[in-house]
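Working through the structure, step by step
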Number of protein chains: 4
Amino acid sequence: MMTGQTLCSFTQLQNMLQGRETLQHAMLLCYTSSMKPQNTAVLLIQCPDRDGIIANVTALLSRLGANIVYLDQHTDHECGMFFMRVEWDLEHFSVDLNDFQTIFIHESVRKFMMTWELHRHKDKQRMAIFVSKYAHCFLDLLSRWRTGDLAVDIPLVISNHEDLQKDAKLFGIPFIHLKITPTNHEEQTTEQLRLLEEYRIDFLVLARYMQIVSPPLIERYHNRIINIHHSFLPGFPGAKPYHQAHTRGVKIIGATSHYVTEELDAGPIIEQDVQRVNHSFSIDDLIRTGQDIERRVLARAVLAHLEHRVLCYDNRTVVFS
Amino acid sequence: MMTGQTLCSFTQLQNMLQGRETLQHAMLLCYTSSMKPQNTAVLLIQCPDRDGIIANVTALLSRLGANIVYLDQHTDHECGMFFMRVEWDLEHFSVDLNDFQTIFIHESVRKFMMTWELHRHKDKQRMAIFVSKYAHCFLDLLSRWRTGDLAVDIPLVISNHEDLQKDAKLFGIPFIHLKITPTNHEEQTTEQLRLLEEYRIDFLVLARYMQIVSPPLIERYHNRIINIHHSFLPGFPGAKPYHQAHTRGVKIIGATSHYVTEELDAGPIIEQDVQRVNHSFSIDDLIRTGQDIERRVLARAVLAHLEHRVLCYDNRTVVFS
Amino acid sequence: MMTGQTLCSFTQLQNMLQGRETLQHAMLLCYTSSMKPQNTAVLLIQCPDRDGIIANVTALLSRLGANIVYLDQHTDHECGMFFMRVEWDLEHFSVDLNDFQTIFIHESVRKFMMTWELHRHKDKQRMAIFVSKYAHCFLDLLSRWRTGDLAVDIPLVISNHEDLQKDAKLFGIPFIHLKITPTNHEEQTTEQLRLLEEYRIDFLVLARYMQIVSPPLIERYHNRIINIHHSFLPGFPGAKPYHQAHTRGVKIIGATSHYVTEELDAGPIIEQDVQRVNHSFSIDDLIRTGQDIERRVLARAVLAHLEHRVLCYDNRTVVFS
Amino acid sequence: MMTGQTLCSFTQLQNMLQGRETLQHAMLLCYTSSMKPQNTAVLLIQCPDRDGIIANVTALLSRLGANIVYLDQHTDHECGMFFMRVEWDLEHFSVDLNDFQTIFIHESVRKFMMTWELHRHKDKQRMAIFVSKYAHCFLDLLSRWRTGDLAVDIPLVISNHEDLQKDAKLFGIPFIHLKITPTNHEEQTTEQLRLLEEYRIDFLVLARYMQIVSPPLIERYHNRIINIHHSFLPGFPGAKPYHQAHTRGVKIIGATSHYVTEELDAGPIIEQDVQRVNHSFSIDDLIRTGQDIERRVLARAVLAHLEHRVLCYDNRTVVFS
């Protein structure tokens, strides 16, 4: 079954090594700190599946002195599409990213008809949070931001209610109250867009924001508006999902974080999680339990987005690990 | 934050495509059947981390006409080691695997000091099962084998008890009873080795086999003996883990599948799973619940091994997805 | 906050005890075997919530010499309904169950307008399995029956295909092939009912049976037909749920076991479970992963039913632990 | 198998009812709000298992006009011990709790040699938090307190470092810095005890407090000091559990909340939870993932304690649902 195999133990390998000191030094450093480089570039690619894509891109990066610290790819054989995320250390990279982009388009993008994104990982992104009255997801995001788990700037909170103004103030974050009435949608959308522009916002998080986001925002921030829905979609879409779950008597409830599209609760799913419940859970218990799921699902989705690990296609996502 | 981005929708992309028919054809096939090729080769690599490894290997494969269907890699930055699993379709591969091996050793192995394994995926492996008195894992493996979920040959069952002879017979599998006494260990080890040789066994599964496996077997089948331990290791090693779990009052129990090494219950962990329990679980309840976990953990570990997704180093595993 | 408290340690308590030997004896037996009595009666009750129900029933049982080994109750405050499961040792019970029933109706049922069931736990129930072509749930049930985990008799398997005849034979269980054609539904339903009568079947399990069960069967076996649906209901009802899940790009898939009602996939849910998946799962991978969930969800639902732990109301279930 | 059964549907039952309006009213209220009464008493009992305990207690409560809203019991057959939690509405209760206590001791406690606790549920408990440098659990508790999910007073935070002073101030909570040096343990313990007394603290939460709690505190707050340990105990006790988990290569990590006893990391476990990890997790990733588990495990343990759902015996817990 194996046509060839040259097995040697980890220890043998180390002894074999010429650059012995280097590895021993590495071993000493083991378990004291992660040495993952922080000044990296991330390239996200999607294109029709063909032979030689990985070879093409890695050869290009290698030629330019990149040390690849992460590479993962996925082929959707059912649709014939190829997806890749590659991240490399910029320390010994021989060109700057603008020049790399030119070369990359010339040597790879055109050849394979790629859709692509290029990010410099150390830049902090600017996230706006939209809230209404529920505090749980909002406070959770702010706590994680404060502990440094979410390495992001939060220059702006927009709300259609004043309830959470004090919470934003606690953390020293600008809170802007834009009341929504049956007649002022258009005007408030314009104001929202102006504010997002003024604060140079990269992406939006709807932390239980109880209003429909207007199409101009969705278009402007295509696949950059993250919502948390309080059910395990596609089960119980629409209003009052915990009441629906209670009536149906499900044994597990969940929450879903997805990018916002014009079709309500139907955008590409980024993350979901669930928790076991039983008959003894009242609707209030379901809500309380569910809010805990919402917290962690939204936090994970925001983190995946921040780290450029999400690719969208065909109303689905590839979320690299 | 983004230095460059050329976003286009999935639909735009399709329209853009020149080879339009091909993709449309692919789209038609969508959701009717997985088109993952079955005649593939798998290469598992580990070596000290250096620049250019991925580029080197993918360029070689690309040059030889390989269509890569899977590539995943992992760098352990703490220890400076690099790991890769690459799988490619053999249909248009221009050399046979023996020749590939020669070229690969010449162009990659020596340069990067690689430890490696090469497998042809379509070959069915030959698995021996060791059992004692517990039937649950044994019957589960046989059921999955019968439904085709485990694409493996099972030419041999060895047991130190006669209890499960009837179960083996149900499924038409040779069952050999090798009684272990305080004085016949050495002789039975010799007989076990002879049988494994005679039946050309590739790897062993201990499905709740209640005897210590002898060092000569462990040496002969290095990282190819899969055990299921009935606790969430490293908690509760040794005997009667469910009794230990009950005494300690844990709220979650688990099971662990690992490769067997000379140190008991301490080999590289392949797979673990857990389940929530509570004070109302008697020891018998824990055992019954735990057996269900054992079943699925062992099945998953065997599957990962079969599909050449496991790499061992430093008494740990890399299990590719 | 505490208005009263007389705390003493577990050890102090033991020393305090007059019947010291008894407890010490019990302690010695600790961890050697579960002493849960097996000759018990189970009473399931539901009625409008009122004061004094628990006191009424436990006082009656106490007066008749019952040692209660399990009591759990649930009040649905939203609907004002009360539910209880009580199980007691029959060894020193002073009346037989027929007499108890008479007394119980007289003293409790009428007073509280109870719906109730009374079961003797040691009687083995007779389960029929309906199958089609998929073997995984069927073999799993048979394996658990063989290991003794499902303490049930299986006198009959009915199938609309011949594929699993050999599997039934392996385990020595009568297999009856009742082919369903567009025109013979009524006649085959009559035959099914006749067989279930002849074999004195207590309840039915549809182990991936791919036909609609006829209303006369549903009526005859009200809340005694257990189905396994291969999605996390209410998501993806109907046909091909794994294909639907793949298209929607969910990050978790599941399975649901429920009692069969005339409305398809909408009966009271007994048990559900889920598993995390990601973009790399093809439809075939989802099916394989899902089948593993189906296996354990169905097994748990059957076990809960067997142990008289399930109460139905308002198209939901109370599943006592 | 069933000796008797009077099944009627939920709808039939409702029509049968005389007090029809009451139930219909109840049905109207269905799904609008939980009607669980908030002015309740909770009684926790443990004693050697004997016949008639439930009947005795429920008859007493019934006689005094209690409407029982929760009753759950557990018998540890291996040790012959009985445990019960009963909660009843105080609205129509005919005696005050001091009088009830006297009657209860007279009629139940002496007869069954009970250890017991009696609590009035509406009283808010006073919780002190001990912290060091890690903010994640601390901020999570404060967020849940602010959203009202933890209905508790937090009059005091004690820390051996000044790092989290600002965070406490954000939420307006007194923060007292008690630096621990190799020589001042005894004196700081005295000061801690004095503060806990002064602030009338009911129970303590160690939110990643990195100091050993002194025996006098443990004795004074027996089973009322809740710790969060950052491993799935009993695996990886002691220091640096995430480093240990990384070295051992486990596939699941966890966290454990337990009451503090004099033996380190060995007190009665209240709650545990886990999360799947894999080879790609660096130590930093394990720490970050683990902190998320710590957050929710500690929050659940604190909630269970607050709601008087935890009983300790034999270094284990019964945690009622």
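The rules we used
- Residues numbered from 1 in each chain as written.
- Chains lettered and ligands numbered in written order.
- Predicted model: local features only at pLDDT ≥ 70, side-chain atom pairs only at ≥ 80, totals over all residues.
- Heavy atoms only, no water.
- Phe/Tyr/Trp six-rings, centres within 6.5 Å; stacked < 30°, edge-to-face > 60°.
- Buried < 20%, exposed > 50% of the residue type's maximum accessible area, 1.4 Å probe, protein only.
- Helix = DSSP H or I, 4+ residues; strand = E, 2+ residues; numbered from the N terminus.
- Contact = heavy atoms within 4.5 Å.
- Pairing = 2+ DSSP bridges.
- Axes fitted to C-alpha atoms, helices over the stretch in contact; angles between N-to-C directions.
- Domains from an automatic or database assignment.
- Salt bridge = Lys/Arg side-chain N within 4 Å of Asp/Glu carboxyl O.
- Nonpolar A, V, L, I, M, F, W, Y, C, P; charged D, E, K, R; others polar.

Now for the packing of aromatic side chains. Within the structure shown, the criterion is met by 32 aromatic pairs over all chains. Centre to centre, the rings of Trp-88 of chain B and Phe-93 of chain B are 5.5 Å apart; their planes meet at 50°, and the pair counts as tilted. In this structure Trp-88 of chain B comes out as buried when scored by relative accessible area, which is 0%. Their ring planes at 90° and their centres at 5.2 Å tell us that Phe-130 of chain C and Tyr-209 of chain C sit as a pair that is edge-to-face.

In this fold, His-136 of chain A is placed in helix α5 (residues 136-147). Those residues within four positions of His-136 of chain A in sequence are excluded, and the remaining contacts are Arg-208, Gln-291, Glu-294 and Arg-295 of chain A together with Thr-147 of chain D.

Mapped onto the fold, Ile-54 of chain D is located in helix α3 (residues 53-63). What makes Ile-54 of chain D buried here is its relative accessible area of 4%. For the pair Ile-54 of chain D and Leu-150 of chain D, spaced 96 residues apart in sequence, the C-alpha to C-alpha distance is 31 Å. Those residues in contact with Ile-54 of chain D that lie beyond four places of it in its chain are Thr-58, Ile-68 and Leu-71 of chain C together with Leu-71, Gln-73, Phe-82 and Met-84 of chain D.

Attention shifts here to the sheet that holds strand β11 (residues 252-259) of chain D. Residue and element names in this part refer to chain D. Pairing in this open sheet of 7 strands is mixed, and the strands run β8-β7-β6-β9-β10-β11-β12 from one edge to the other. Of all strands in the sheet, those with a lone pairing partner are β8 (175-177) and β12 (269-276), marking the two edges. Between one strand axis and the next, the sheet turns by 20° as a mean value, whatever way the strands run. As judged from the 5 bridges shared by strand β6 (residues 126-131) and strand β7 (residues 153-159), these two strands associate in the parallel manner. Within β7, the residue paired with Ile-129 across the bridge is Val-157. The strands touched by helix α10 (residues 283-306) within the sheet are β6, β9 (203-206), β10 (225-229), β11 and β12, with β12 carrying the most contacts at an inclination of about 150°.

Residues and elements named next belong to chain A. When its domains are assigned, chain A resolves into domain 1 (40-120) and domain 2 (125-319). Just the C-alpha atoms count here: the centres of domain 1 and domain 2 sit 31 Å apart. Between domain 1 and domain 2, the contact holds 11 residues from the first and 10 residues from the second. Linking domain 1 to domain 2 there are 1 salt bridge. Among the ionic pairs, Arg-316 bridges to Asp-76, the shortest N-O distance being 3.6 Å. Considering each element in turn, the side of domain 1 that touches domain 2 owes the most residues, 4 residues, to strand β2 (residues 40-48). By residue class, the composition of the side of domain 1 that touches domain 2 is 6 nonpolar, 3 polar and 2 charged.

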